[in-house]
Amino acid sequence: MKALRWSLGILGAVVLLLGVALFIATQVINPDDYRGELARIVSRDTGRPFRIEGHLALSWYPWLTLRIGAARLGNPAHEPGPDLLAWRSAVIPLRLLPLLLHRRLELGTIEITGADIHLWRSAAGTGNWQPLLAGRPTTGAPTGAPPSIGGLVLRDASLEYTATRGTVRLTHGQLRLSAWQPGRPFTLATRFVLHTPQLPAAGIPVRFAARQLGVQAHPLGLQVPHWSLSAASAALSGSLQVSDSNARPDGSGALRVQIPSLRRLIGRLGLKMHLPKNPAVLERLKLSAHWALQAGAVRIEPLRARLDATTLTGWVARSGGPAARWTFNLAADRIDLSRYLPPSRKHAKPLKLPLALLRRLHARGTLTVHRARFGTTTLRDARLHVQ
């Protein structure tokens, strides 16, 4: 017992001395004296200019915490354009004892405010972020246990992605990641406003969440037992599992869609469409499906969708390879086609089927309608064969 008391006393004294040393260090050392050295290290390791425009600060309780003011990670000299990353402030907590006693890096919840990210992809398909993901070459020597992160919080973030087809912007972004350790699942939740050239100027609000998200590095894999997405008035949810073991992604999952009013959603998205004159149609839409991707081929089965009073069931598939072909077998229980007529217009052209488009689809399949009505005409078990 006496030896145990001595051991505990010595351990307590060491912890106390470390706490006193940390307190003195954080009060005496001016972190701003090391801004230039920190910027040079980050610039060297990323191959990009890194500038710290704000102040640095250290605090010691309850974590040893580094606070970084405004900073920017720019582009190499041969890459013009806005900086890849900028932020207004960042907070990085660090547990000191695991680092000193076990040489294990344990970070707390990293908080970044005002992150502004600019991504672009060239016409050749190269992204400006890819050199960073490639990383530095390793020597094969053991590097110890990988770090653990208590979480990540982004506040008031924005992201802009530019490619040959246009620019997508996310604004007013909020993101929260739970604690992350290699090989263990984590959760993700984010919300933002989506802007594209096709959407109204105000954009549309989007929320996304994923629970028990698992990432595997070798071979590359992603497992999401449950995810949910809401955009405007549409609600989507499902699961997915994706792997990249054969130099091409394979995966499977479930999908569920609920839209209270398809007509109102079309209007909110700013889509220019000639809607049916009957205001009671194109309302509630529900869809459920299971999908699978293998060797470039996609199969959706079973598929079940209900729009207004019509239920559609069956399957849809697309083969892989350069000469991909769509195949399907779908059945609808009933539909009143006269309810979906567009508004009558003067000098309207006769209705023409888009035969050229159908031919380019390389599709083959059957659509069965058990009961179709058009005005006073009723068809039963009508079949449309596409060859």
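Fair warning: this is a prediction, and the values are worked out from it, not measured in the lab.

**Q** What am I meant to see in the overall build of the protein here?
**A** Regarding its fold elements, the protein presents six helices and 22 strands. Here the contacts in the protein between residues at least 6 apart in sequence split such that 45% fall between residues at least 24 apart. Here the protein displays about 25500 Å² of accessible surface, and carbon together with sulfur accounts for 62% of that area.

**Q** Looking at this structure, how should I read the pattern of salt bridges?
**A** Close approach of charged atoms allows side chains with opposite charge to pair. On inspection of all chains with the given rule, the structure shows twelve salt bridges. The partner of R51 in a salt bridge is E53, with the nearest N and O atoms 3.9 Å apart. Taking relative accessible area as the criterion, E53 reaches 46% and is therefore assigned partly exposed. The shortest N-O distance in the salt bridge between R51 and D83 comes to 3.6 Å. One end of the pair, R51, is in strand β1 (residues 50–52); the other, D83, is in the loop between β4 (71–73) and β5 (85–87), and 32 residues separate them in sequence. According to the relative accessible area criterion, R51 is partly exposed, its value standing at 37%.

**Q** Mind showing me how you'd approach the packing of aromatic side chains here?
**A** Here the distance between the centres and the angle between the planes together describe a pair of aromatic rings. Inspection of the entire model under this criterion finds three aromatic pairs. Centroid distance W129 to Y161: 6.3 Å. Interplanar angle 55 degrees. Geometry classified as tilted. Of this pair, W129 sits in the loop between β8 (116–120) and α4 (130–134) while Y161 sits in strand β9 (residues 148–163), and the two are 32 residues apart along the sequence. In this arrangement the basic side chain of R299 is found over the ring face of W315, its NZ or CZ atom lying 4.3 Å from the centre.

**Q** I tried to follow a positive patch on the surface on my own but got confused; where do I start?
**A** On the surface, R304, R306, R334, R371, R373 and R380 cluster together into a positively charged patch. Those elements that place two or more of their residues in the positive patch are β17 (297–307) and β21 (363–374). In this structure, R304 sits in strand β17.

**Q** Would you mind showing me how to read the nonpolar core here?
**A** It is characteristic of soluble globular proteins that their nonpolar side chains tend to be buried jointly. If you look at the biggest cluster of nonpolar residues, it comprises 19 residues, and the most contacted ones within it are F50, I52, I68, A71, W87, A90 and I112. Within the residue set of this core, elements represented by two or more residues are β1, β3 (64–68), β4, β6 (89–94), β7 (106–113) and β9. If sequence neighbours within four positions are ignored, I52 has contacts with R35, L38, I68, A70 and A71. Listed in part, the 16 residues of the second largest apolar core include A232, I259, I266 and L282.

What counts, and at which threshold
Residues numbered from 1 in each chain as written. Predicted model: local features only at pLDDT ≥ 70, side-chain atom pairs only at ≥ 80, totals over all residues. Heavy atoms only, no water. Helix = DSSP H or I, 4+ residues; strand = E, 2+ residues; numbered from the N terminus. Contact = heavy atoms within 4.5 Å. Areas by Shrake-Rupley, 256 points an atom, 1.4 Å probe, with all protein chains shown as cover. Salt bridge = Lys/Arg side-chain N within 4 Å of Asp/Glu carboxyl O. Buried < 20%, exposed > 50% of the residue type's maximum accessible area, 1.4 Å probe, protein only. Phe/Tyr/Trp six-rings, centres within 6.5 Å; stacked < 30°, edge-to-face > 60°. Lys NZ or Arg CZ within 6 Å of the ring centre and 35° of its normal. Patch = residues over 30% accessible without salt bridge, like charges linked within 9 Å, V, L, I, M, F, W, Y side chains within 5 Å. Lys, Arg positive; Asp, Glu negative; His and termini not counted. Charge placed at Lys NZ, Arg CZ, Asp CG, Glu CD. Core = buried A, V, L, I, M, F, W, Y, C linked by side-chain atoms within 4.5 Å.

Everything listed here is a matter of coordinates, which is why it stays silent on function.
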